[in-house]
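# Structural overview
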Amino acid sequence: TYYYKISAVDALGLESPQTTATSTTVTLPLADIYIYPNPLTLAPSAEVVFGGLSGNETIRLYTLTGEFLTSAQPQGTIQWKWNTRNAAGQQIAPGIYLYLLTRPTGEKRIGKIAVMGKI
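As the structure is a prediction and not an experimental result, all values here were calculated from the model.

Quick look at the sheet that holds strand β8 (residues 79-82) now. The three strands are arranged β3-β5-β8 in an open sheet whose pairing can be described as antiparallel. Lying at the two open borders of the sheet, with one neighbouring strand each, are β3 (34-36) and β8. Taking the axes of each pair of neighbouring strands and ignoring which way they run, one obtains an average angle of 15° across the sheet. Sheet topology places β3 next to strand β5 (residues 48-51); three bridges connect them, and they run antiparallel. In the strand pairing of β5, Tyr36 is matched with Val49.

As structure tokens, then:
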């Protein structure tokens, strides 16, 4: 929760009494995070978007055989874009890939991303 003290100043420099305002950051359940496009068609600028993040998730990507591809910890952002490359910068091949979203609270979500070849 954030707290703000707000006052207004007019053109003559007269200031209103301060008031206090609050705002609360809402964290979506991991089930509500959206991943698109899925399926994805490979192209030079193809990206998979992980949206609705709270900014404290870790995203890990794997092949179906469990081979690690890459990971990200997009701190303080609500969206992360995977450029369909592995940690070495190599373009992935068409196939099915797994993602693992985790939070420091221990909350986890596992899902699949289908990647199709160029049409």
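To continue, consider the pairing of β5. Residues Val48 and Phe50 point to one face of β5 and Val49 and Gly51 to the other, with burial holding for every one of them. Relative to β8, β5 runs antiparallel, the two being bridged by four bridges. Bridging from a neighbouring strand, Phe50 pairs with Trp80 of β8.

One open sheet accounts for five strands, arranged β4-β10-β9-β6-β7; its pairing is mixed. On the outer flanks of this sheet lie β4 (40-41) and β7 (68-72), each paired with one strand and no other. Pairing of β4 with strand β10 (residues 108-116) involves two bridges; the strand directions are parallel. Residue pairing in the sheet places Leu40 in a bridge with Val115 of β10.

Cut-offs used in this document
- Residues numbered from 1 in each chain as written.
- Predicted model: local features only at pLDDT ≥ 70, side-chain atom pairs only at ≥ 80, totals over all residues.
- Heavy atoms only, no water.
- Pairing = 2+ DSSP bridges.
- Helix = DSSP H or I, 4+ residues; strand = E, 2+ residues; numbered from the N terminus.
- Axes fitted to C-alpha atoms, helices over the stretch in contact; angles between N-to-C directions.
- Buried < 20%, exposed > 50% of the residue type's maximum accessible area, 1.4 Å probe, protein only.

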